[in-house]
Amino acid sequence: MADKKGTRVALIGNPNSGKTTLFNLLTGLKQKTGNFPGVTVDKKSGSCKLPGGSVEIVDLPGTYSIYPKTLDEQIVQEVLLDHTHPQHPDKVIVVADASNLKRNLLLFTQIRDLGLPVILVLNMIDIADKRQLKIDLRTLGIDLGVKIVTTNSHSGEGIDSLKKAISQSQVKSKRAFYEVEPLASEAIGEISERFGLQNNYTAFQYAQQSDHLKFLDEEEKETIRRTKAKHGFDHNHTQSEETIGRYKLISEIIDRNVSSPAVGPASLTSKIDRIVTHKVLGYVIFFGLLMLIFQSIFAWAEWPMDLIENSFASATSWFKEVLPEGVLNDLVTDGIISGLAGVLVFIPQIAILFAFISLLEESGYMSRAVFLMDKLMRAVGLNGKSVVPLISGLACAIPAIMATRSIDSWKDRLITIFVTPFMSCSARLPVYTILIGLVVPQEYVFGIFNLQGLVLMGLYLLGFLAAILSAFAMKFILKTKQRGYFVMELPSYKLPQWKNVLLTIYEKSKTFTLEAGKVIIAISIILWVLASYGTGEKFSNAEDNVKASLAKDYTQEEYDLALSSYKLEHSFAGAFGKTIEPVIRPLGYDWKIGIALITSFAAREVFVGTMSTIYSIGADDDEEATIRERLRQEKNPETGEPVYTQAVGFSLMVFYAFAMQCMSTLAIVYRETKGWRWPMIQMAYMTAVAYLSALVTFQIFS
Amino acid sequence: MRTLSDLKINEKGTISGFTDDTLAVKLMEMGCLPGTEVSVALVAPLGDPLAISVAGYQLSLRKEEALSITIEG
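This one's a predicted model, so the numbers in the text were calculated from it and none came from an experiment. (Residues numbered from 1 in each chain as written. Chains lettered and ligands numbered in written order. Predicted model: local features only at pLDDT ≥ 70, side-chain atom pairs only at ≥ 80, totals over all residues. Heavy atoms only, no water.)

(A) Molecular detail of the packing of helix 18 (residues 410–419) of chain A against helix 31 (residues 677–701) of chain A. All names here are of chain A. In contact at an axis separation of 10 Å, helix 18 and helix 31 are set at 45° when each is read in the N-to-C sense. Looking at the two axes, helix 18 sits oblique to helix 31. Remark: the crossing between helix 18 and helix 31 carries right-handed chirality. Of helix 31, the residues touching helix 18 (which contributes Leu-414, Ile-417 and Phe-418) are Trp-678, Ile-681, Gln-682 and Tyr-685. (Axes fitted to C-alpha atoms, helices over the stretch in contact; angles between N-to-C directions. Helix = DSSP H or I, 4+ residues; strand = E, 2+ residues; numbered from the N terminus. Parallel < 35°, antiparallel > 145°, perpendicular 65-115°, else oblique. Left-handed = near helix turned anticlockwise from the far one by under 90°. Contact = heavy atoms within 4.5 Å.)

(B) Fine view of the sheet that holds strand 5 (residues 69–72) of chain B. Strand order across the open sheet formed by 6 strands is 12(A)-4(B)-3(B)-2(B)-1(B)-5(B), with antiparallel pairing between neighbours. Sheet topology places strand 12 (488–490) of chain A together with strand 5 of chain B at the edges, where each strand pairs with a single neighbour. Each strand axis lies, on average, 45° off the axis of its neighbour in the sheet, ignoring direction. (Pairing = 2+ DSSP bridges.)

(C) Structural context of the interface of chain B and chain A. The interface of chain B with chain A comprises 31 residues on the first partner and 35 residues on the second. Both faces considered, chain B and chain A share a buried interface measuring about 3100 Å² in area, 61% of it formed by carbon and sulfur atoms. Broken down residue by residue, the surface that chain B buries against chain A is led by Glu29(B), Pro45(B) and Arg62(B), which jointly contribute 24%. A salt bridge links Asp48(B) to Arg378(A); the nearest nitrogen and oxygen atoms lie 2.7 Å apart. Put simply, chain B and chain A have 11 residue pairs in polar contact (both at pLDDT 80 or more) between them. Within the residue set of the side of chain B that touches chain A, elements represented by two or more residues are helix 1 (21–29), strand 2 (37–43), strand 3 (50–54), strand 4 (57–61) and helix 2 (63–66) of chain B. The biggest single contributor to the side of chain B that touches chain A is helix 1 of chain B, with 8 residues. (Buried area = accessible area lost by both parts, 1.4 Å probe. Salt bridge = Lys/Arg side-chain N within 4 Å of Asp/Glu carboxyl O. Polar contact = N/O pair within 3.5 Å; in protein donor to acceptor, adjacent residues only side chain to side chain.)

(D) Main features of the nonpolar core. In terms of nonpolar packing, the biggest core is built from 110 residues, with Leu382(A), Tyr589(A), Phe607(A), Met611(A), Tyr644(A), Leu652(A) and Phe655(A) touching the most fellow members. If you tally residues by element for this core, the top one is helix 29 (residues 646–658) of chain A, at 10 residues. Residue contacts for Met611(A): discarding those within four places in its chain leaves Ile593(A), Ala596(A), Ile627(A), Leu631(A) and Tyr644(A). Of all hydrophobic cores here, the second largest spans 83 residues; its members include Leu133(A), Ile15(B), Tyr57(B) and Ile71(B). (Core = buried A, V, L, I, M, F, W, Y, C linked by side-chain atoms within 4.5 Å. Buried < 20%, exposed > 50% of the residue type's maximum accessible area, 1.4 Å probe, protein only.)

See below:
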């Protein structure tokens, strides 16, 4: 029978079972990423062409059992238990690692007992063959009561048989694999009746997970709580009974159908492990990899970034020519296009970083890095799993904060979210570059170290130290009853699959563009309004005032630059800059820097653009060098001293190293912590740290 | 009573029980069941966490978590 249109098939399996590779093979590039409704878990779905029409395949987050431990895993249970969920599948494919069947079958038997039509895929069958595991598929299928397909997701072998199996109809098994009814017959009976459930295991799951199921309302949860209390339902006890019972049946079945050789020689994985978790070598390799990533981001991202910047510059001039002069022209060029450029220019760095992260994850190294760093990270209030977000933070805090979802302890996760924005992201780099060029001489220390390079490294280190120290402080401030666990699989090493790496790069860049993009573009437009409009006589008579102030034979260009600078000074943004001047005076900043601080509040890199507008520097010039030259000449009108002294330069660098100055990050923190409390605390804290450190820096250097 | 954290590297033992009920269910899901043979495969450079071989794969856990798993033999 051909599947009707709109059939939805869910892909479920343990982490490291090759589920994502299989998903990529089934759907090719016809994938969509989005969110599950109401939660922030990435949803990947795609369509798969079958002889009888195409079906929708949904890739659910990897999980070891139907009992979730992390936010991502929670979704698996919601989708499966809630029959009205928009993603509720018509059919489930459980992907199991054939070389590690016992543990993988636990999840399978749970899904099967929910009464959904199931296909069992034994993936990585090549590895099982290599380990000389002999699996009798026919009898295994009979014992488990399921259609079994074997695949090798590396070579794509078995995909056609899987597609064929999807297009056939599967009979729901009438008898449960493991009957939970004896564990809590009264509670199951009452819940089944109250919610009209046909399936004992579903009712049992309602009892086990009632407090966490989002699709039940408060009253329904209360009913379940009362039922549980009445019958003395102890969820820990019943869950252990269930797990032991299932494993007992699984072990018997494996013993009957799978034969394995006595003991093989030490595997390649354990040989590599001895090196990468070695006392000395382990850390050398870890920090060596970090350096490599860091170097590559800077070495390889430069030319694509230049390319993006230049194309946007050409687009700006083209629009300026084509559109009639006026508000619309300015809005499109100065507001929208410059906002878009500000977002897209970071994609090369983000893509390179995630290429590395995905390679390390695919190969299996990342979990060793987590293993290696856990004790050190725990000493400062973090978790081994904070390593990935902190490294990602070097490119951009947005994907980094999203990567904290793998941390199952809420306290550790919150601390990681809180301190990640201290890591120097790529948006700080243009600010650092301009300021370092301005106040740090191009000299060599001991003949080999470039002084400017050392200062840059110092700034990255400063961010890292701020993150570590803040985490350490929060470790003592935050109180939590919830305990964190560190039970984690160390998967066997595998050759990374390029397709998976490329898809990860694509997805992360897309997430960044959409998440950061909408905030940055919106703010760019607001800032454009603030910087282009003003009140008062000076703003409305800007043209005449500027003409009067210029020497007689000025060129058109001189006039335009002087006008935009004058307008900015008397715009709303300029007024704000002057208002905050008393506050930032102790840091050595004047109102012009004040304007830049305000306009870069939404995104740090705007600092550079604002500086060039304030100081009337044309867009066609080689920007960096020109701005630097212009800043160097800037004199304090009262004292006649240069404004950009070393003290001011360092004070600004330190300010930008610590200040939040990123609306997109705040928006992500809001989303991930489900409220304004943490982003607000975070912004206040980071601004305070930035202000005080900049103050101290200014006082030391002046 | 001996616990998993008393095992030396590559030494084998059999899980006899757990002292922490909440952690026990999570460990059992991962294949650490009473009666299962385990051995310590790796110890992180700072002595914590450790990785054990269990049910045909490697599982890493912290020392305090290993302390909650009792061992016989």
